[in-house]
Amino acid sequence: TRTHKGNGYFVNINRNCEYVCVPSLAVFMSMASGNEGPSSTAHSYTNRLSKEKSPYLLQHAHNPVDWYPWGQDAFDKAKNEDKPIFLSVGYSTCHWCHVMERESFEDEEIGSILSKNFVCIKVDREERPDVDKVYMTFVQATSGGGGWPMSVWLTPDLRPFIGGTYFPPRDHGGRLGLKTVLTRIMDQKGITVTADTGESPPLATDVANRCFQQLAHSYVEEYGGFRHAPKFPTPVNLLFLMSYWSVNRSTSEGVKALQMALHTLRMMALGGIRDHVAQGFHRYSTDSSWHVPHFEKMLYDQAQLAVAYITASQVSGEKHFAEVAEDILRYVSRDLSDKSGGFFSAEDADSLPALGGREKREGAFYVWTAGDVRELLPDVVEGTTGTSTLADIFSHYYGVKEQGNVAPEQDPHGELHGQNVLIVRYSVALTAARFGISVDKVNELLVFARAKAAEVRKSRPRPHLDTKMLASWNGLMLSAYARVGAVLRDKALLERAVQAGNFLKEHLWDVEQQTLFRSSYCGEQMEVQQRAPPISGFLDDYAFIICGLLDLYEATFQTEWLQWAEELQLRQDMLFWDDDGGGYFCSDPGLGHDTPLERKTDQGDGAEPSANSVSASNLIRLSHYTGREEWRQRSQQLLTAFSDRLTKIPIALPEMVRALMAHHYALQQIVICGQQDAPDTTSLLAAVNSIFLPHKVLMLVDRNESYLCQRLPVLSSMSQEDGVATAYVCRDFACSLPVTDPQELRQLLLDGVAEMQRN
């Protein structure tokens, strides 16, 4: 991760509870004028820091905040009053420490909120480097950056649960302020995960509308996304917006939701956050236009973005979105895949420079100088105005500049000076007009140029590859291959999905103990190894794999995957379900993994979806496949347990809101009776997969089917009409008349969507 120290950067909390490094100096310089020392006027407040020796602590001795120095008195107060600790760390010559003191700690309203609801501790990092180091490690690990002032929230036993650095006092320029952060922490302190018998989840339409409004409030019109900078992909937000549109198509809110999702996906695909040469997406963008990324590539991002893009292709009909999804999986198959069928975790942001050197630099593998491009693509393109070269066309299209296209403020360590991050600056049509050639010719030239650039990249020192294979992330990627493969009817993608399923079952599932393992590793000969003893799987390992298996079944109709999903769900329930409060523990309480902070569920949908959110959907899907009514009820219990959070801050749980919507609208059961590989069957399946149907389960029943028919006896009464593949669409125990024509089936499904909008 890139670490930003000193006064120029701060860590901010976004609306999805992600803590990220943000360039601050230019944005907040206007707030930083004036005397930075202690006020010389008469003091209205004096707190216990007045008795300290540290110049930094003394600078805060007259804040209207009930500050404590680091010590047992503060710890005892937190435990006795069961209050979280607000820890603020800085030093006396820290510019932004002075700014935060003046803006926030001298603010009487914020001071009152802090004093009444938190135990506030001030630490001079130069006095207590040991304390600073412990919590700075946490901030850097959870945010991708660090610096001072450092703001960390701790449990009474001193364990951090939220961390950042500078916060403006109130929401400013799309960024959350300290008051908002404090309020949300206070809200979540009071949100317990308990469900009383007879309670029901909150009303889905109200929760979905509120989630939409909260996302719309933070939406950035020009480039999409939900903050100005840095910008994260947040596929959970995008999938919620497309689901929201699917049942609100005729409303202005539904139209706006779709526009927000599709525009964000378009801008990301054009931006430097996407690797235009060798596919895949980087972790996040450091600027508002998706231009300069943090170059790390994570498996979980690829998985969720592939699903988001293939979904966008379904809702919009635009081929471009499907091509982006295919590109992501092409990258994963090539660079993040093991021969065993598993998927590696990540590629580093840093690598050695192509021209040599012992020090790794961020982005070295990915960036280009204008000279690199000229040397790579020197040929004159016939038919262009003047004597334009392929380098000229490539540079125009991708925004390559002689001096480099990375602004200094986006390059705090000078690693990208003179370099270019490829970003689509002009459309193919405008590029064709600029050089006097056809659109088809430009596309052909760009394909050729990217292939040459990819070959050159192969000779550069590669970034470090993390070959650890995590069960949960492999589950997410299993979903991606299955869902993209099904929509595109791509047998190679589906075969890769099956290979991934086999890997999970062979290497991460202990049949005798009926237990998942968290991870596996590559040995010296790239053989799959386990650590001794292996780490038992956590909730997200079970939930994400179950979801992947359900998606794999709907893509291949091999019931072995459905059977294994059922086994895993039974095991998940046994290991993690909280009988008292509802919801799932994050790890098996019997293994001693959980602490009081962590026992109650994961906190929200962020870079990865919450395992409880995914489980809520898994349970309702499985109830429709297996006839187990108790799983539908358990899903409802889980949602009820999160009622407060869903009602107050649904933006923190967009994936769970989707599960709540599935309960409200009731899942469609789409049953295809036919031989799997027969043309009439595949035509019906193609009709189903051409539409985004977030509230459905899909089944195939042929003459050899037994697993589903045993669990759902009603399926035995469904058959082919006149020997032709036949579809039945059911909801709430009522089924449509049988349908054999693909277009008629498509219309029937669309009519069902329209009916949901009226309900």
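Throughout this document, residue positions are counted from 1 along each chain, in the order its sequence is written. Local features in this predicted model are restricted to residues of pLDDT 70 or higher, and side-chain atom pairs are both shown and tallied only at a pLDDT of 80 or more, whereas totals for entire chains, interfaces and linings draw on every residue. Note that water and hydrogens are dropped before the side-chain values are worked out from all heavy atoms of the structure.

The name recorded for the chain in an unreviewed UniProt entry is Spermatogenesis associated 20, from Echeneis naucrates.

Visitor: Before we move on, could you go through the overall build of the chain and cite the residues and values that matter?
Guide: Only DSSP runs of H or I reaching four residues or more are called helices, and only runs of E reaching two or more are called strands; each is numbered from the N terminus. On a plain count of helices and strands, the chain comes out with 28 helices and 23 strands. For the chain, with 759 residues in total, the buried portion stands at 59%. Any two residues whose heavy atoms approach within 4.5 Å at even a single point are treated as in contact. Of the contacts made within the chain by residues no fewer than 6 positions apart, 68% connect residues no fewer than 24 positions apart. A total of about 29900 Å² of accessible surface is found on the chain, and carbon and sulfur atoms cover 49% of it. The buried label goes to any residue with under 20% of its type's maximum accessible area, the exposed label to any with over 50%, and the partly exposed label to all in between, with areas taken from a 1.4 Å probe on protein chains only. The Shrake-Rupley method, run with a 1.4 Å probe sphere, supplies the accessible areas, and residue values consider only the shown protein chains as cover.

Visitor: Describe the confidence of the model for the chain, naming the residues involved and giving the relevant values.
Guide: Overall, the predicted model of the chain reaches an average pLDDT of 87, with 89% of residues at or above 70. Within the model, pLDDT remains below 50 along residues 1-40, and this stretch shows 138 contacts once partners closer than five positions in the same chain are excluded. Contacts from residues 592-600, a stretch scored under 50 in pLDDT, to residues over four places away or in other chains number 25 contacts. How sure the predictor is of each residue is captured by pLDDT, a score from 0 to 100.

Visitor: If you had to explain the packing of aromatic side chains to someone new, which residues and values would you point to?
Guide: Aromatic pairing here means that ring centres of Phe, Tyr or Trp (its six-membered ring) are within 6.5 Å. Orientation follows from the plane angle: under 30 degrees is stacked, over 60 is edge-to-face, and everything else is tilted. Here the structure, examined in full by the defined rule, presents 24 aromatic pairs. Pairing F86 with W153 gives two aromatic rings, centres 5.1 Å apart and planes at 40°, and the pair type is tilted. One end of the pair, F86, is in strand β4 (residues 85-90); the other, W153, is in strand β6 (residues 150-154), with 67 residues separating them in the sequence. Of the two residues examined, F86 and W153, each falls in the buried class. With a centroid separation of 4.7 Å and 85° between ring planes, the pair formed by Y397 and Y398 is classed as edge-to-face.

Visitor: Can you break down the nonpolar core residue by residue, with the values?
Guide: Buried Ala, Val, Leu, Ile, Met, Phe, Trp, Tyr and Cys residues that are joined via side-chain atoms within 4.5 Å together make up what is termed a nonpolar core. Of all hydrophobic cores here, the largest spans 153 residues; its most connected members are F240, Y309 and L745. Per element, the largest residue contribution to this core is 12 residues, and it comes from helix α19 (residues 539-556). Apart from residues no more than four positions distant in its own chain, L745 is found in contact with I672, L684, A687, V688, A727, V729 and V739. Ranked by size, the runner-up nonpolar core spans 47 residues in total, among them W67, C97, V139 and L178.

Visitor: Tell me about the sheet that holds strand β11 (residues 346-347), and name the residues and values.
Guide: Pairing is antiparallel in the open sheet, where three strands are placed in the order β10-β11-β14. Two strands lie at the open edges of the sheet, namely β10 (297-298) and β14 (465-466), each paired on one side alone. One requirement defines pairing of two strands: DSSP has to find at least two bridges between them. Of the pairings in the sheet, the one linking β10 to β11 comprises two bridges and is antiparallel in character. Among the inter-strand pairings, M298 is bridged to a residue of β11, identified as A346.

Visitor: Could you give me a rundown of the pattern of salt bridges, with the residues and numbers involved?
Guide: Basic side-chain nitrogens of Lys or Arg form a salt bridge, by our definition, when they fall within 4 Å of a carboxyl oxygen of Asp or Glu. Under the criterion given, the structure shown has 33 salt bridges. For R334, the salt bridge goes to D335, with nearest N and O atoms at 3.0 Å. In this structure, the salt-bridge partner of R518 is D541, at a minimum N-O distance of 2.7 Å. Taken together, the positions of R518 in the loop between β17 (515-516) and β18 (519-522) and D541 in helix α19 put the pair 23 residues apart, joining distant regions of the chain. The same class applies to R518 and to D541, which are both buried. Overlapping salt bridges bring together D107, E109, R170 and K179 as one network.

Visitor: Can you lay out the sheet that holds strand β20 (residues 668-673) for me, pointing to particular residues and giving the numbers?
Guide: Overall, mixed pairing links the four strands, which are arranged β21-β20-β22-β23 in an open sheet. Each edge of the sheet is formed by a strand with only one pairing partner; in this case those strands are β21 (696-701) and β23 (734-735). Taken together, the five bridges between β20 and strand β22 (residues 726-731) define a ladder with antiparallel strand orientation. Bridging across to β22, V671 finds its partner in Y728.

Visitor: Give me the lowdown on the environment of V277, citing residues and values where you can.
Guide: Here V277 lies in the loop between α10 (252-270) and β8 (284-285). Expressed as a C-alpha distance, the spacing of V277 and A454, which sit 177 residues apart in the sequence, is 5.8 Å. Excluding residues that lie within four positions of it along the chain, V277 makes contacts with W368, L422, R450, A453, A454 and R457.

Visitor: Go over the state of the cysteines with me, naming the residues and quoting the values.
Guide: For the purposes of this analysis, a disulfide is any pair of cysteine sulfur atoms at a distance within 2.5 Å. Considering all chains together, one arrives at one disulfide under this definition. With its sulfur 2.0 Å from that of its partner, C730 forms a disulfide with C735. Torsion about the S-S bond of the C730 and C735 cystine: about 105°, corresponding to right-handed handedness. Its relative accessible area of 43% is what places C735 among the partly exposed residues.

Visitor: Outline the pairing of β4, supporting the account with residue identities and numerical values.
Guide: Most of β4 sits inside the fold, with six of its six residues counted as buried. The two faces of β4 match: I85, L87 and V89 on one face and F86, S88 and G90 on the other face are all buried. Here β4 pairs with strand β5 (residues 119-124) via six bridges, running parallel. Looking at the pairing, S88 lines up with K122 of β5.

Visitor: Go over the pairing of strand β7 (residues 160-164), please, and point to the residues and values.
Guide: On a regular strand, one side chain projects to one face of the sheet and the next to the other, so that they alternate. Relative to β7, β6 is paired through four bridges, and the arrangement is antiparallel. Bridging across to β7, V152 finds its partner in G163. Here β6 folds back onto β7 in antiparallel fashion, the turn holding five residues, of which L158 has a positive phi close to 75°.

Visitor: Pulling in residues and values, what's your account of the side chain of T681?
Guide: If you trace the backbone, T681 turns up in helix α26 (residues 679-689). For T681, a relative accessible area of 0% translates into the label buried. Every residue in contact with T681, bar those within four places of it in the chain, is listed here: I672, G674, Q675, Q676, L700 and A725.

Visitor: Any chance you could break down the environment of S736 for me, citing the residues and the numbers?
Guide: With respect to the helices, strands and loops of the structure, S736 is situated in the loop between β23 and α28 (742-758). Through-space distance from the C-alpha of S736 to that of L748 is 8.7 Å; in sequence the pair is 12 residues apart. Discounting residues that sit within four places of it in the chain, S736 has contacts with Y728, V729 and L748.

Visitor: I'd love a proper account of unusual backbone geometry, names of residues and values included.
Guide: Residue A229 is joined to P230 through a cis peptide bond whose omega torsion reads -10°. As for its position among the elements, P230 is in the loop between α8 (204-218) and α9 (235-246). Here the residue pair A532 and P533 is connected by a cis peptide bond, since its omega of -10° sits within 30 degrees of zero. Checked against the element boundaries, P533 lands in the loop between β19 (528-529) and α19. Backbone geometry at W290 places phi at a positive 65°, although glycine is not the residue there. On the secondary structure map, W290 appears in the loop between β8 and β9 (293-294).

Visitor: Hey, could you go over helix α22 (residues 611-626) for me, with residue numbers and the actual values?
Guide: The span expected for a helix works out to 1.5 Å for each residue beyond the first. Compared with an ideal rise of 1.5 Å per residue, which puts 16 residues at 22 Å, α22 spans 21 Å between its outermost C-alpha atoms and is within 8% of the ideal. Within α22, 16 of the 16 residues are buried, which leaves the element mostly enclosed by the surrounding structure. Positive backbone phi, at 75°, marks G627, one or two positions downstream of α22.

Visitor: I'd like a description of the side chain of E554, backed by residues and values.
Guide: With respect to the secondary-structure elements, E554 resides in helix α19. For E554, a relative accessible area of 9% puts it in the buried group. By the criterion applied in these results, polar contacts are pairs of N or O atoms within 3.5 Å in which, for protein atoms, one can donate a hydrogen and the other can accept it, and in which residues neighboring in sequence qualify only through two side-chain atoms. In terms of polar contacts, E554 uses its side chain to reach the backbone amide nitrogen of L698, at 3.1 Å. Apart from the residues lying within four places of it in its own chain, the contact partners of E554 are R621, Y625, K696, V697 and L698.

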